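Each chain is listed here by its residues.
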Amino acid sequence: MASTEHIVDVPATRWRSFYELTKPRVVMLIVFTSIVGTLLAVPGMPPLDALIFGNLGVGLAAASAAVINHVLDERIDAQMSRTKRRPLPTGKLTPRMALVFAGVLCVLSMGLLVSLVNTLTAVLTFASLIGYAVIYTVWLKRATSQNIVIGGAAGAAPPVLGWAAVTGTVEPNALLLFLIVFVWTPPHFWALAIARKDEYAKVGIPMLPVTHGVAFTRLQVLLYTLLLVAVTLMPFVTGMSGVLYLAAAIVLNAMFVWHAFQMKISDRAHLPMKVFRFSITYLMWLFAALLLDHYLPVAEPLR
């Protein structure tokens with residue numbers, strides 16, 4: 001009986017390892033922003049095929065990029081306490097198995113997008129996959145302390161991909177969504193980098209707190225958060241959204257600025273991770289407010 005349970009458990013454990021390789025929490029946030037882009041692209045409900053297959057394709061591509069990232073960062077992951085228990089450093093899966101898995105996910109993604117959505121979405125999705133999995137992971141991450149700023153373009157693409165899945169075009173409002181995520185990325189990730197500074201230094205990754213110090217990085221987090229305030233007001237100013245979104249953005253921005261300011265003036269060790277976690281909540285609620293405002297406008301936006 002015990003041997004049978006062991007046989008059953010091996011494939012179950014392996015599938016969990018494959019699932020972990022996809023960075024499911026990150027992918028869920030990516031798909032959420034992509035879905036918001038899809039829904040904001042048209043006045044009413046978008047076509048179901050674009051909504052379902054477009055975002056499924058984006059999610060599969062994001063998962064593929066995450067798996068490739070695991071393979072390329074295996075050596076680094078093995079030396080960092082945050083990542084040393086991942087499937088590749090622990091030997092639960094081999095790099096070859098992971099690459100095959102990434103290839104299958106990529107092929108499925110491109111197949112869905114080309115055949116059931118449109119070619120533009122497929123091309124842009126593939127470009128963002130390469131941007132994160134190869135250009136950022138192989139080069140930018142190891143080459144410059146501005147890796148997060150430059151590489152943030154790939155992570156900011158999902159709302160544009162969701163938008164393009166419906167319209168077949170890249171429009172100014174879609175680029176505005178891109179800009180929000182792009183400016184959000186540095187304060188989000190630099191807060192984590194402060195918390196993990198010693199680990200990044202140990203493996204030779206030139207994150208900003210390693211190359212320029214923690215005090216400088218705290219200042220940059222605050223400055224980028226202030227820039228984010230200006231950027232997130234643009235949907236209201238341009239008429240993309242109304243007062244419901246504006247009210248939510250003001251509250252969320254006030255909270256983010258407060259968190260960033262507290263981290264700037266205090267050396268308390270828990271604050272960087274607190275800012276990092278809040279930034280995720282911030283983005284989710286901000287995009288939820290965009291969506292709610294889109295379907296429940298309470299006042300005519302500025303024109």
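Every value quoted in this text rests on a predicted model; they were computed, and no experiment measured them. (Residues numbered from 1 in each chain as written. Predicted model: local features only at pLDDT ≥ 70, side-chain atom pairs only at ≥ 80, totals over all residues. Heavy atoms only, no water.)

### Quick notes on the environment of Thr38
Here comes step 1: By secondary structure assignment, the location of Thr38 is in helix H2 (residues 24-40).
Here comes step 2: Sequence separation between Thr38 and Gly162 is 124 residues; the distance between their C-alpha atoms is 4.3 Å.
Here comes step 3: The residues touching Thr38, leaving out its near neighbours within four places in the chain, are Pro46, Ala50, Leu51, Asn55, Gly162, Trp163 and Val166. (Helix = DSSP H or I, 4+ residues; strand = E, 2+ residues; numbered from the N terminus. Contact = heavy atoms within 4.5 Å.)

### Some points on the pattern of salt bridges
One side chain can pair with another of opposite charge once the charged atoms of both are near each other.
Here comes step 1: Enumeration according to the criterion identifies five salt bridges in this entry.
Here comes step 2: For Lys141, the salt bridge is made with Asp73, and the minimal N-O distance between the two is 2.6 Å. Here Lys141, found in helix H6 (residues 119-143), pairs with Asp73, found in the loop between helix H3 (48-72) and helix H4 (74-79); they are 68 residues apart in sequence, far enough to count as distant. Each member of the pair Lys141 and Asp73 is classed as buried.
Here comes step 3: Among the ionic pairs, Asp77 bridges to Arg86, the shortest N-O distance being 3.1 Å. Neither Asp77 nor Arg86 differs from the other in exposure class; each is buried.
Here comes step 4: The network of salt bridges with shared partners includes Asp73, Lys141 and Arg142. (Salt bridge = Lys/Arg side-chain N within 4 Å of Asp/Glu carboxyl O. Buried < 20%, exposed > 50% of the residue type's maximum accessible area, 1.4 Å probe, protein only.)

### Section: H2
Here comes step 1: With 17 residues, H2 should cover 24 Å at 1.5 Å per step; its first-to-last C-alpha distance of 24 Å lies within 8% of that length.
Here comes step 2: Pro24, Val27, Leu29, Val31, Thr33, Ser34, Val36, Gly37, Thr38, Leu39 and Leu40 are the residues of H2 that are buried. (Expected span 1.5 Å × (residues − 1).)

### Observations concerning the side chain of Thr185
Here comes step 1: When you line up the elements, Thr185 lands in helix H9 (residues 172-195).
Here comes step 2: Not counting the four nearest positions on each side in its chain, Thr185 is found in contact with Ile148 and Gly152.

### Brief notes about the confidence of the model for the chain
For residues with low pLDDT, the predicted coordinates do not support detailed interpretation.
Here comes step 1: Residue-level pLDDT values for the chain average 92, and 94% of them are 70 or greater.
Here comes step 2: Below pLDDT 50 for its whole length, residues 1-9 participates in one contact with residues either more than four positions away or in separate chains. (pLDDT = per-residue confidence, 0-100.)

### Points about unusual backbone geometry
Here comes step 1: Backbone geometry places Lys23, a non-glycine residue, at a positive phi of 50°.
Here comes step 2: Position of Lys23 relative to the elements: it lies in the loop between helix H1 (2-21) and H2.

### Observations regarding the packing of helix H8 (residues 158-167) against H9
Here comes step 1: Where H8 meets H9, the axes come as close as 8 Å, and the angle between the chain directions of the two elements is 160°. Between H8 and H9, the angle is such that the two are roughly antiparallel. Crossing angle aside, the handedness with which H8 passes H9 is right-handed. In contact with Pro159, Val160 and Trp163 of H8, H9 contributes Asn173, Ala174, Leu177, Phe178 and Val181.
Here comes step 2: Taken together, the residues that form the contact of H8 with H9 break down as seven nonpolar, one polar and no charged. (Axes fitted to C-alpha atoms, helices over the stretch in contact; angles between N-to-C directions. Parallel < 35°, antiparallel > 145°, perpendicular 65-115°, else oblique. Left-handed = near helix turned anticlockwise from the far one by under 90°. Nonpolar A, V, L, I, M, F, W, Y, C, P; charged D, E, K, R; others polar.)

### Focus on the packing of aromatic side chains
Here comes step 1: This structure, assessed with the given rule, holds nine aromatic pairs.
Here comes step 2: Ring plane angle 50° and centroid distance 5.6 Å describe the contact between Trp15 and Phe18, whose orientation is recorded as tilted. With Trp15 and Phe18 both in helix H1, this residue pair falls three residues apart, about one helical turn.
Here comes step 3: By relative accessible area, which is 59% here, Trp15 ends up exposed.
Here comes step 4: Where Phe256 meets Phe278, the ring centres are 5.7 Å apart and the plane angle is 75°; that geometry is what we call edge-to-face. Remark: Phe278 occurs in helix H14 (residues 271-295) and Phe256 occurs in helix H13 (residues 243-265); sequence separation between them is 22 residues. Summarising the burial analysis for this pair, Phe256 and Phe278 share the class buried. (Phe/Tyr/Trp six-rings, centres within 6.5 Å; stacked < 30°, edge-to-face > 60°.)

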